[in-house]
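Structure assessment
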Amino acid sequence: MAGHAGILINSKSILLQKTFRCSTMESHILGQQLVNGLALGSIYGLIAVGYTMVYGIIGMINFAHGDIYMVAAYITAICIAVLSFFGINTVAIVLLITLAVTIFIIALYGWSIERVAYKPLRNSTRLAPLISAIGVSLILQNYVQVSQGARTQAVPTMIQGAFRFGSETDFFQITYIQTLLVVVSFLSMGILTWIIQKTSLGRQCRAVQQDRKMASLLGINTDRIISTVFIMGSSMAAVAGVLVTLNYGSFDFYIGFVTGIKAFTAAVLGGIGSLPGAMLGGIILGMSESLFSGLVNTDYKDVFAFSLLVLVLIFRPSGLLGKPAVEKV
Amino acid sequence: MSEYLLEIQDVNASYGPIQALRGVSMNVREGEIVTLIGANGAGKSTLLMTIFGDPQASSGSIHYRGQEITHIPMHEISRLGIAQVPEGRRIFPGMSVEENLRMGTMPIGDTHQETDLQTMFAMFPRLKERRSQRAGTLSGGEQQMLAIGRALMSRPRLLLLDEPSLGLAPLIVRQILSSLRTIADQGTTIFLVEQNANHALKLADRGYVMVNGEIRLSGTGEELLANPEVRNAYLGGH
Ligand SMILES: Nc1ncnc2c1ncn2[C@@H]1O[C@H](COP(=O)(O)OP(=O)(O)O)[C@@H](O)[C@H]1O
Ligand SMILES: [Mg+2]
């Protein structure tokens, strides 16, 4: 089974000791929760991007997107196990190959799902692709459950060690894997933003989003651009799947639902349709959820997250960065 | 190659049960300015969109440079050398003026992009001043100039314009019409749809009059301007 092939890489890491002291116990907890929140928020942001881009370009909420991310977690585990089987254990190489393979396969998933389940319904009622998306979501969950088993999967820790801040007794830490997670997330979001803002392909995506018929009059193959958007959104979910698997180490066929709903919340929080909004919404949601569970109560963190959403929607219905009907990508 | 750059033969087109075009035949020769006038709802915009295949002609045919284009997908039409400045301008509001212009080069690639951008800025200096401004914040006249500039960026052989004067002040209308004259003089063939019959017929070599989805009259600009039916219906009887 994936993940049990057993590669355990003990990086002989030297813990970085920082010498400054923080005065109270709370400040360490605060620091630790901020770090954890940033990591969680990056994952939400990466997934939220897919919801927001698809919504921006065809006005539908792709309910299967969370499950795409779930499939990515499984592919990551399989990939790591296969590489380990062939004796490839170098962290950087395993990481790069796993990222590349997962992105490729997940992009293919995203592309095919759009082709098979959404494109034929493009000119029917708004509800039809939504229902189709729920169907795809169920199919993915069941197909993974049947083929991979219902129990929770575990992946061995590949990178151990952490940067520590504080004294020997009072400290908070950023693990190397969290650092990697945040860096790779921001890098991916940066690359995506650059593509959308600066390249001809990105301009075409924005054109299709702002006025599909005009884009078509100007010679843009809008079907191709819509496919591309699904590929880009799925790729980001693939990155999230790889990072989550490496960081948290365990997952099951149901993670797509909970994380998907959270990421969707992040997209709405930031302003659905807005790319920077999705990233910002993800970070804010992750941070505040983490702070709340660290400082107040873990059991109610989901209630808190959704309350935050409700408040934003009451006072800023189009989300933090949303400018409805004008600039959505 | 046929005698006509654009030849529309006996075209019918509908939106569901509503028939918008009824047996429309008309043509445009290379180098001409041809205008189509008609009241609101006559089917003028539908005709321009039918050339791009949406709605598609249910019968009849459309030829461009001798090639039948009736069933060619919309996004491939512009690559043949036809550009449209559609009704309502349809600039991309969230993009800058410069990005809007760059979008226009899609059909031909970006080989001439920088040169043509400067040409557009020379033709419409207002756009140059506002090149980094969001296009949605432009005035109506500026948006129209932008829509025309964007269309020209594809170096079209045939330029279709749908009511470019709609809602603009008389001074701006004159500016737009004079730039159309310049564009025509530089060798682009123009097919201009207008309700503003007076201006359009003065500019055009030939014209057609559309009523309820049918071509009612055709003739040279002068003939139509002198025609009592046209004068009563479209020129307020003056
Ligand atoms: N998208 C549409 N759906 C249904 N009917 C339409 C649509 N667009 C135009 N029509 C109808 O087709 C007819 C012709 O419209 P149009 O071509 O826009 O006229 P014009 O441009 O001359 O004002 C009108 O009766 C109009 O109501
Ligand atoms: Mg019209």
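Whatever comes next refers back to the structure up there.
Calculation criteria
- Residues numbered from 1 in each chain as written.
- Chains lettered and ligands numbered in written order.
- Predicted model: local features only at pLDDT ≥ 70, side-chain atom pairs only at ≥ 80, totals over all residues.
- Heavy atoms only, no water.
- 1 Å grid on protein atoms, 1.4 Å probe; cavity = no way out; pocket = protein on both sides within 12 Å on 5 of 7 lines; lining within 4 Å.
- Points joined across faces, edges and corners; volume = space filled by probe spheres on them.
- Helix = DSSP H or I, 4+ residues; strand = E, 2+ residues; numbered from the N terminus.
- Nonpolar A, V, L, I, M, F, W, Y, C, P; charged D, E, K, R; others polar.
- Buried < 20%, exposed > 50% of the residue type's maximum accessible area, 1.4 Å probe, protein only.
- Pairing = 2+ DSSP bridges.
- Axes fitted to C-alpha atoms, helices over the stretch in contact; angles between N-to-C directions.
- Contact = heavy atoms within 4.5 Å.
- Phe/Tyr/Trp six-rings, centres within 6.5 Å; stacked < 30°, edge-to-face > 60°.
- Near = heavy atom within 4 Å.
- Polar contact = N/O pair within 3.5 Å; in protein donor to acceptor, adjacent residues only side chain to side chain.
- Areas by Shrake-Rupley, 256 points an atom, 1.4 Å probe, with all protein chains shown as cover.
- Parallel < 35°, antiparallel > 145°, perpendicular 65-115°, else oblique.
- Left-handed = near helix turned anticlockwise from the far one by under 90°.
- Donors = N, O, S within 2.8 Å, 3.2 Å for Na, K, Ca; no water.
- Expected span 1.5 Å × (residues − 1).
- Buried area = accessible area lost by both parts, 1.4 Å probe.
- Salt bridge = Lys/Arg side-chain N within 4 Å of Asp/Glu carboxyl O.

Our focus in this paragraph is the layout of surface pockets. Residues and elements named next belong to chain A. Estimated volume of the largest pocket: approximately 490 Å³. In terms of lining, the largest pocket is formed by 23 residues, of which the most central are L40, Y44, Y248, E289 and K301. Elements that contribute at least two residues to the lining of the largest pocket include exactly α1 (25-58), α8 (222-248), β5 (250-251), α9 (255-270), α10 (275-295) and α11 (301-315). Across the lining of the largest pocket, the residue classes tally to 10 nonpolar, 9 polar and 4 charged.

Let us now look at unusual backbone geometry. Residues and elements named next belong to chain B. P55 follows D54 through a cis peptide bond whose omega is 5°. Relative to the elements of secondary structure, P55 occurs in the loop between α1 (44-51) and β4 (59-64). In this structure, R65 takes a positive phi of about 50° despite not being glycine. With respect to the helices, strands and loops of the structure, R65 is situated in the loop between β4 and β5 (67-68). For E163, which is not glycine, the phi torsion reads 45° and is therefore positive. Mapped onto the fold, E163 is located in the loop between β7 (158-162) and α7 (170-185). A relative accessible area of 5% places E163 in the buried class.

What follows concerns empty space enclosed by the protein. Under the definition given, this model contains 4 cavities of 30 Å³ or more. In this structure, the largest cavity occupies an estimated 60 Å³ of space. What lines the largest cavity is simply L217(A), L218(A), S78(B), I82(B), A83(B), Q84(B), G104(B), P107(B), R150(B), A151(B) and S154(B). Here the element with the most residues in the lining of the largest cavity is strand β6 (residues 82-85) of chain B; it accounts for 3 residues.

With that settled, the discussion passes to the sheet that holds strand β9 (residues 206-211) of chain B. All names here are of chain B. What the 6 strands build is an open sheet, ordered β6-β7-β8-β3-β9-β10; its pairing is mixed. Each edge of the open sheet carries a strand with a single partner, namely β6 and β10 (214-220). Strand-to-strand, the axes of this sheet are offset by a mean angle of 15°, without reference to chain direction. The pairing of β9 with β10 spans 6 bridges and is antiparallel. When the sheet's bridge partners are listed, V209 is paired in β10 with L217. Of the strands in this sheet, β3 (33-38), β7 and β8 (189-194) touch α7, which is tilted by about 155° from β8.

All names here are of chain A. Scanning all chains against the criterion turns up 10 aromatic pairs over all chains. Relative to Y254, the ring of F253 lies with its centre 6.1 Å away and its plane at 65°, an arrangement referred to as edge-to-face. For F253, a relative accessible area of 14% puts it in the buried group. On the basis of relative accessible area, Y254 is assigned to the partly exposed category, the value being 39%. The structure contains a cluster of three or more aromatic residues connected by ring pairs, namely Y51, F63 and F264.

Residue and element names in this part refer to chain B. Lining the immediate environment of ligand 1, one finds Y15, I18, A20, A39, N40, G41, A42, G43, K44, S45 and T46. With respect to ligand 1, the backbone of G41 contributes an N or O atom lying 2.7 Å from an oxygen atom. Interatomic distance of 2.8 Å between a side-chain N/O atom of K44 and an oxygen atom of ligand 1. Here ligand 1, which alone exposes 560 Å², has 62% of that area covered by the protein. Looking at the shell around ligand 1, the elements with two or more residues in it are β2 (18-28) and α1. Classifying every residue of the shell around ligand 1 by side-chain character gives 5 nonpolar, 5 polar and 1 charged.

With that settled, consider the packing of α10(A) against α11(A). Residue and element names in this part refer to chain A. At a minimum axis separation of 9 Å, α10 and α11 run at an interaxial angle of 140°. It follows from the interaxial angle that α10 and α11 lie oblique. The interaxial crossing formed by α10 with α11 has right-handed handedness. Only K301, D302, F304, A305 and L308 of α11 make contact with α10, whose side of the interface consists of I284, L285, S288, E289, F292 and S293. Across the contact of α10 with α11, the residue classes tally to 6 nonpolar, 2 polar and 3 charged.

Residue and element names in this part refer to chain B. Protein coordination at the magnesium ion (ligand 2) comes from S45 (OG) and E87 (OE), with a distance range of 2.0 to 2.4 Å. Placement of S45 in helix α1 and of E87 in the loop between β6 and α3 (97-103) is noted, with a sequence separation of 42 residues between them. S45 sits in the buried class, given a relative accessible area of 19%.

Bringing helix α5 (residues 176-198) of chain A into the picture now. Between the first and last C-alpha of α5(A) there are 32 Å, a value that for 23 residues agrees with the 33 Å anticipated at 1.5 Å per step. All of the buried residues in α5(A) are Y176(A), I177(A), Q178(A), L181(A), V182(A), V184(A), S185(A), S188(A), M189(A), L192(A) and I196(A).

The subject of this paragraph is the interface of chain B and chain A. Counting residues at the interface gives 23 residues for chain B and 18 residues for chain A. In total, about 2,000 Å² of surface goes out of reach between chain B and chain A, with carbon and sulfur atoms giving 60% of it. Here chain B is connected to chain A by 3 salt bridges. Summed over the shared surface of chain B and chain A, the result is 6 residue pairs in polar contact (both at pLDDT 80 or more). Residue assignment for the side of chain B that touches chain A shows that the elements contributing at least two residues are α2 (74-77) and α3 of chain B.

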